[in-house]
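Each chain, letter by letter, is given below.
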Amino acid sequence: MGSRRHEHPWHGPSLRMRLTLIASGALFVALVVGAFALTTVLSRTRIDALDTVVTDRVATVAALTEDDRLPEALPVAEPGEIVQLLDARGGVLATSPNASRTLPVVPLGTLHVGRGTTVGRTTSSAYDDEARIAVRSATYGGQPVTVVATVPIAEVRSVLDALRLALVMVVPVLTLLLGLVVWLILGRALRPVEELRRGAALVASTGGPGSLPVPRRDDELGALARTLNSMLDRLEAGAARQRTFVADAAHELRSPLATLRASIEVARLHPEAYDTAELAVDLEAEVLRLQALVDDLLVLARVGSGSSERSDVDLAAVVRGVLPMTTATVIVQGSGRAFAAEASAGRVVRNLVDNAVRHASAQVTVTVADGLVRVDDDGAGLDEADFERVFERFVRLDEARERDAGGSGLGLAIAREVARELGGDILLSRSPLGGLRADLRLPLG
């Protein structure tokens, strides 16, 4: 059930679509906010300009009034601008050319006249629906008068309405255009990702070796593709080793099982010629060989689990601990310590000593130092070309097969893999004794 969830295709929006929608949405929001800010700033700027016009106008007319220099027609500059001089009853004493002498621009009772100039908005103008107004008190001929100036804001409203209409039409168009551009750019940028996906799908569908296409540009996607290809190579190499290991294990198990079966068949068919004691001796040897092979396979299966606890280990004690398991005479010299799992280090040393004893003529020497266990024998040794080959699983050289047909071919393979799991390694070289030297190097605490 766990693997079936990977078979369902993805029907949601693609990454390209999601990124395009996010970018387009962000642009739309930015344009709307910008349009609102633009119209607000433009409105305030234009209103402030009109306020400045009417403020300056009432100040100019008030100065003319105070100096008794009123012209026949009060001066104006802006289109639609009106300025009037009203008496205490609201009558028009003077006006600009574009207003009537009998119709005040604003009823005097609606005006708020204080000290200085008062500026605001009015909808009581007799000439405009909405206008900006400035009011200022003055004295004319010894009598209090009021200077009123207005300028319509209909033109400002029209400009702003036109701008808003244009923005309502432009913002969606710009959003769509940018969305299209983002869609095309993302399609180009994500093309290597799609090629990687197709390559991975092809590898998954064939179930065999394969590699992913590497983009020509040396960027993050190229590095990802190379890393994934390296991972696929390692997985394929591991799968190949596993297939080889399974095939070799099956081959190695076949021999003792065939021997056991043959012995049982002979004992069953010829019980008078094959007594129980002789059968037990023959079966015991093959059972022990089979048990040793299975134990080695279990050790290899556990390598890499990382379950062993490491500590400061006395290497000389480790070596002496494995010597009772061999019947040969082994010379131990030196002392040293290392940071390792004692049981794992003991298995490596035992395998190395057993291998040396198996191939030695008469002498095996174990030298211990800090982070080092060196095993020398006086056997026939190996060719340098075989120094690495002997660490392969189920490899037994011809000389080894002649002298010890019962070996599983896993001893040195297990030793090196366990040593590397401990953070060390095993290196082979020629021994001064004439045989093989195996150096187990382990990390120091």
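How each quantity is defined
The residue numbers shown here count from 1 along each chain, following its written sequence. Totals for whole chains, interfaces and linings use every residue, but because this is a predicted model, local features are given only for residues with pLDDT of at least 70 and side-chain atom pairs only at 80 or more, for both listing and counting. Neither water nor hydrogens contribute to the side-chain values; these are computed over all heavy atoms in the structure. Whenever Lys or Arg places a side-chain nitrogen within 4 Å of a carboxyl oxygen from Asp or Glu, that contact is recorded as a salt bridge. Counting from the N terminus, the helices are the DSSP runs of H or I reaching at least four residues and the strands are the DSSP runs of E reaching at least two. Each residue is assigned to one of three classes by its accessible area relative to the maximum for its type, calculated with a 1.4 Å probe on protein chains only: buried under 20%, partly exposed between the two thresholds, exposed over 50%. Take the number of residues in a helix, subtract one, and multiply by 1.5 Å to get its expected span. Any two residues having at least one pair of non-hydrogen atoms within 4.5 Å are treated as being in contact. A cavity here means a set of points on a 1 Å grid, drawn over the protein atoms and nothing else, where a 1.4 Å probe fits but cannot get out; a pocket is an open set with protein on both sides within 12 Å along at least five of seven lines, and a residue lines either one if it has an atom within 4 Å of a point. Grid points are joined across faces, edges and corners, and a volume is the space filled by probe spheres set on the points. In this classification, Asp, Glu, Lys and Arg are treated as charged, Ala, Val, Leu, Ile, Met, Phe, Trp, Tyr, Cys and Pro as nonpolar, and every other residue, Gly included, as polar. Pairing between strands requires that DSSP locate at least two bridges from one strand to the other. As a rule, the C-alpha atoms of each element are fitted with a line to give its axis, helices using only the stretch in contact, and angles between N-to-C directions run from 0 to 180 degrees. By convention, a stacked pair of Phe, Tyr or Trp rings (six-membered ring in the case of Trp) has centres within 6.5 Å and planes under 30 degrees apart, an edge-to-face pair has planes over 60 apart, and any other such pair is tilted. Two limits define a charge over a ring: the Lys NZ or Arg CZ must be within 6 Å of the ring centre, and within 35 degrees of the ring normal. Note: pLDDT gives the predictor's confidence per residue, expressed from 0 to 100.

What follows covers the pattern of salt bridges. Applying the stated criterion across every chain yields a total of 15 salt bridges. Across the pair Asp51 and Arg132 runs a salt bridge whose closest N-O atoms are separated by 2.8 Å. With Asp51 in helix 1 (residues 15–66) and Arg132 in strand 4 (residues 131–140), this pair connects stretches of sequence that are 81 residues apart. Like Arg132, Asp51 is buried. Asp67 is the partner of Arg69 in a salt bridge, and the nearest nitrogen-oxygen pair spans 3.3 Å. Among the charged side chains, a salt-bridge network with shared partners connects Glu388, Arg416, Arg420 and Asp425.

A separate point is helix 2 (residues 154–189). The end-to-end C-alpha distance of helix 2 is 51 Å, a good match for the 52 Å that 36 residues give at a rise of 1.5 Å each. Regarding helix 2, the residues found buried are Val156, Leu160, Leu167, Val171, Thr175, Gly179, Val182, Leu186 and Gly187. Elements that come into contact with the buried residues of helix 2 comprise helix 1 and helix 3 (191–206).

Attention now moves to the environment of Ala30. Positionally, Ala30 belongs in helix 1. Counting along the chain gives 141 residues from Ala30 to Val171, while the straight-line C-alpha distance between them is 9.6 Å.

The subject of this paragraph is empty space enclosed by the protein. Under the counting rule described, the total for this entry stands at 2 cavities of 30 Å³ or more. The volume enclosed by the largest cavity comes to roughly 60 Å³. Taken together, Leu352, Asn355, Ala356, Val375, Asp377, Leu412, Leu428, Leu436 and Ala438 form the lining of the largest cavity. Looking at the lining of the largest cavity, the elements that each hand over two or more residues are helix 7 (342–359), strand 10 (372–377) and strand 12 (436–441). The element that contributes the greatest number of residues to the lining of the largest cavity is helix 7, accounting for 3 residues. Tallied by class, the residues present in the lining of the largest cavity amount to 7 nonpolar, 1 polar and 1 charged.

Turning our eyes to something else, we now look at the environment of Asp248. Relative to the helices and strands, Asp248 is located in helix 4 (residues 220–269). In this structure the C-alpha to C-alpha distance between Asp248 and Arg393, which are 145 residues apart in sequence, comes to 8.4 Å. Asp248 has contacts with Arg393 and Phe394, leaving out every residue within four places of it along the chain.

Of all 6 residues that make up strand 12, 5 are buried, and the element is covered over most of its length. When strand 10 meets strand 12, the two strands line up antiparallel, connected through 5 bridges. When the bridges of strand 12 are listed, Val373 appears paired with Leu440. As consecutive antiparallel partners, strand 11 (residues 425–430) and strand 12 are separated by 5 residues, and within that stretch Gly434 has a phi angle of approximately 105°, a positive value.

Judged by pairing direction, the sheet is antiparallel, and its 5 strands sit side by side in the order 2-1-5-4-3 without closing on themselves. Looking at which strands have only one partner, the edges of the open sheet turn out to be strand 2 (92–95) and strand 3 (117–122). Taking the axes of each pair of neighbouring strands and ignoring which way they run, one obtains an average angle of 25° across the sheet. Examined bridge by bridge, strand 1 (residues 82–86) and strand 2 share 3 bridges and lie antiparallel to one another. Its bridge partner being in strand 2, Leu85 is matched across the sheet by Ala94. Running at roughly 15° to strand 4, helix 1 makes contact with strand 1, strand 3, strand 4 and strand 5 (143–152) of the sheet.

The next subject is the pairing of strand 9 (residues 364–369). As paired elements, strand 7 (residues 330–334) and strand 9 share 5 bridges and run parallel to each other. Residue pairing across strands places Val332 opposite Val366, the latter belonging to strand 9. Sheet analysis places strand 9 next to strand 10, joined by 6 bridges and oriented antiparallel. Bridged to Ala369 within strand 10 is Leu372. The turn joining strand 9 and strand 10, which pair antiparallel and follow one another in sequence, is formed by 2 residues; a positive phi near 75° is taken by Gly371.

Once that is clear, we can look at unusual backbone geometry. For Asp68, which is not a glycine, the phi torsion comes out positive at approximately 55°. Secondary-structure assignment places Asp68 in the loop between helix 1 and strand 1. Judged by its relative accessible area of 57%, Asp68 falls in the exposed class.

Within the structure shown, the criterion is met by 0 aromatic pairs. Across from the ring centre of Trp183, 3.9 Å away, lies the NZ or CZ of Arg16, which sits over that ring. Positioned above the aromatic ring of Phe391, the side-chain terminus of Arg416 is 3.8 Å from the ring centre.

Once that is clear, we can look at the confidence of the model for the protein chain. Summing up the model confidence of the protein chain, the mean pLDDT is 81 and the portion of residues at 70 or higher is 89%. Within the protein chain, strand 12 carries the highest mean pLDDT (93), whereas helix 8 (residues 398–403) carries the lowest (44). The model gives residues 1–8 a pLDDT under 50, and that stretch makes 0 contacts with residues more than four places away or in other chains. Taken together, the stretch residues 400–406 has pLDDT below 50 and engages in 11 contacts with residues farther than four places along the chain or on a different chain.

Here we have 5 strands laid out as an open sheet, ordered 7-9-10-12-11, and mixed in their pairing. In this open sheet, the two strands that pair with only one neighbour each are strand 7 and strand 11. Going from strand to strand, the sheet's axes swing by 15° on average, the running direction of each strand aside. Against the sheet, helix 6 (residues 315–322) touches strand 7, strand 9 and strand 10, its axis set at about 155° to strand 9. Seen against the sheet, helix 9 (residues 411–421) touches strand 11 and strand 12 and runs at an angle of roughly 130° to strand 11.

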